[in-house]
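Chain by chain, the residues:
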Amino acid sequence: MYVQSFFIKIFFLYKTVVILYLIVFSTYILFSRQPDYFDGEITTATIHWRADSANQQSIPNAVFTIGKEVYSFDARYILRELTENKVIEIIYESSNPQKAAVYSWWGYWITAGELMTSIVLLLVLLRIAILLNKNPSAESLIEQLDYKPEKKKRYSD
């Protein structure tokens, strides 16, 4: 009986922590993007590989035009493959188009650093929750074993 109630408690504890984590993380993602999702404008850009002057490697640059001005920015990111002349969507703020970003799930909405940090934070929170509920006091065990749910009427008077 006690073991069963312990596992039920842990299940609801996990469920509560995971739901809280998902709500906080999704809210953080929605309001922390740069360029800002709500103020930004989405357009297309073309990938052109250019030589980097610092380390003499070719890097993918996204080139786009606003009015008569041509802008470009470094479009490389972890686990993202970009080919020459590929047309992609980008997001930029009209007040500062030089700080544009590739508009995709991987790299704009979810970044590697934030994903790793949030997973570590989730594991720490789950570990804390387990440690807090792992060894209940003797009084708590007696109270749980003696607990008898009160009978409720089907319809209140």
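Let me begin by describing the structure that accompanies this report.

Cut-offs and rules
Residues numbered from 1 in each chain as written. Predicted model: local features only at pLDDT ≥ 70, side-chain atom pairs only at ≥ 80, totals over all residues. Heavy atoms only, no water. Helix = DSSP H or I, 4+ residues; strand = E, 2+ residues; numbered from the N terminus. Contact = heavy atoms within 4.5 Å. Patch = residues over 30% accessible without salt bridge, like charges linked within 9 Å, V, L, I, M, F, W, Y side chains within 5 Å. Areas by Shrake-Rupley, 256 points an atom, 1.4 Å probe, with all protein chains shown as cover. Salt bridge = Lys/Arg side-chain N within 4 Å of Asp/Glu carboxyl O. Pairing = 2+ DSSP bridges.

### Thoughts on the side chain of T111
Looking at the secondary structure, you find T111 in the loop between β5 (96–102) and α2 (112–134). Ignoring sequence-local partners within four residues, the contact set of T111 consists of R33, Y77 and W106.

### So, unusual backbone geometry
In the segment running from Q34 into P35, the intervening peptide bond is cis, with an omega of -5°. As for its position among the elements, P35 is in the loop between α1 (2–32) and β1 (41–51). A positive phi is found at L79, a non-glycine position, where the angle reads about 60°. Note on placement: L79 falls in the loop between β3 (69–74) and β4 (87–93).

### Considering a nonpolar patch on the surface
Side chains of V120, L121, V124, L125, I128 and L132 sit close together on the surface and give an oily, nonpolar patch of about 550 Å² of accessible area. You can see V120 is positioned in helix α2.

### So, the pairing of β5
Note that β4 and β5 share 3 bridges and pair antiparallel. Note on β5: the bridge partner recorded for E93 is N96. A loop of 2 residues connects β4 with β5, the two strands running antiparallel in sequence.

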